[in-house]
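# Results of the structural survey
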Amino acid sequence: MKKFYLIIFISLAPFFSFGQQLTTENILYDGNNRQYIVYVPQSYSSSSPTPILFAFHGGSGYANDFMNYEADFRSIADTAGFILVHPQGVLLQGIPHWNVGLSGFSNVDDIGFTVALLDTIISQYSINQSRIYTCGMSNGGYMSFLIGCQLSSRFAALASVTGSMSNAVYNQCNPTHPTPVLQIHGTMDPTVLYNGNFTSKPIEDVIQYWSNYNNCNSTPIITSVPDLISWDGSTVIHYEYGGGNNGSVVEHFKVINGGH
């Protein structure tokens, strides 16, 4: 089965000699010492408001591993000119996680933590507050959808790979502006089922929710993605729901026979 690697957009204390900065920082929130990584591209200037991307690791994952091996956006941040932030989830029974409304998860206030972290970054750097984005993988993808539902006033768009919306988040979702969405998911994902289960919505329901909310075209443009890796047994179909309010688009890369 195909293993996914997140492909979206943002970056972290002193790093390359060319001017990039990669730092690991901490903030105290709600009694927890919360860690995060910040990557600042060489092009950053305090005189020019800069976009920012939050990248959330998966359940049982760590921000540093996510940045280095699964979602290394640093070179993209260099060319596109945005700051990248990798937050770290707190431990639940020894395993890092994000509290996204799934059964059995903790009551950690990860939305409040995200707000506190965002405000901290804004106080330290010149940020374009109309261009703040979130992405994540698996449990981190759920976190991005939670942010889209509860922090719509702060975040412009979201992306999820192998994540979904929990039933609780779906039923209480309350975005406040047109929100572009990207979802990448495998039909044979054994961890976050494509067709959903008793805790999570089917992926197609998630796509339908956001395309309806954004008032996108009801009929998508469907394109087969070139099969560049023929031996992995999977193929990809791209669905694009365009024409949404304020130019918003909902896109779905459906990976036939793709796993987690």
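Presented here is a report on the structure given in the accompanying data block. Keep in mind that this is a model prediction, so the values were computed, not measured.

Count 3.6 residues to each turn of an α-helix, and residues three or four apart come out pointing the same way. Considered for burial, the residues of helix H6 (residues 203–213) that qualify are Ile 203, Val 206, Ile 207, Tyr 209, Trp 210 and Ser 211. Each element contacted by the buried residues of H6 is listed here: helix H4 (139–150), strand E8 (157–161), helix H5 (167–171), strand E9 (181–186), strand E11 (235–241) and strand E12 (250–256). Residue Asn 215 follows H6 closely and has a positive phi angle near 60 degrees.

Another aspect to go through is unusual backbone geometry. One non-glycine residue, Asp 30, adopts positive backbone phi at about 55 degrees. When you line up the elements, Asp 30 lands in the loop between strand E1 (21–29) and strand E2 (32–40). With a relative accessible area of 57%, Asp 30 lands in the exposed category. Of note, Ser 138 is a non-glycine position whose phi angle comes to about 60 degrees, a positive value. Following the sequence through the fold, Ser 138 ends up in the loop between strand E7 (127–137) and H4. Assessed through its relative accessible area of 12%, Ser 138 is described here as buried.

Moving on to the state of the cysteines. In total, this model carries one disulfide according to the counting rule given. One disulfide bridge connects Cys 149 with Cys 173, the sulfur atoms lying 2.0 Å from each other. What sets the handedness of the Cys 149 and Cys 173 disulfide is the S-S torsion sign, and at about -90 degrees it is left-handed. Taken as a pair, Cys 149 in helix H4 and Cys 173 in the loop between H5 and E9 lie far apart in primary sequence, 24 residues in all. Take Cys 149 and Cys 173: they sit in the same class, and that class is buried.

The next subject is the environment of Met 165. Examined against the element boundaries, Met 165 turns out to sit in the loop between E8 and H5. In this structure the C-alpha to C-alpha distance between Met 165 and Thr 235, which are 70 residues apart in sequence, comes to 24 Å.

Rules of the game
- Along each chain, the written sequence defines residue order, and numbers are assigned to residues from 1.
- Note on the predicted model: pLDDT of at least 70 is required for a residue's local features to be given, and 80 or more for side-chain atom pairs to be given and counted; whole-chain, interface and lining totals, by contrast, use all residues.
- The basis for the side-chain values is all heavy atoms of the structure; hydrogens and waters are excluded.
- Burial status follows relative accessibility: with a 1.4 Å probe on protein chains alone, a residue under 20% of its type maximum counts as buried, one over 50% as exposed, and anything between as partly exposed.
- Numbering of helices and strands runs from the N terminus, with a helix taken as a DSSP run of H or I at least four residues long and a strand as a DSSP run of E at least two residues long.
- The criterion used for residue contact is that any of the two residues' heavy atoms lie within 4.5 Å.
- Our working definition of a disulfide is a cysteine sulfur pair at a distance within 2.5 Å.

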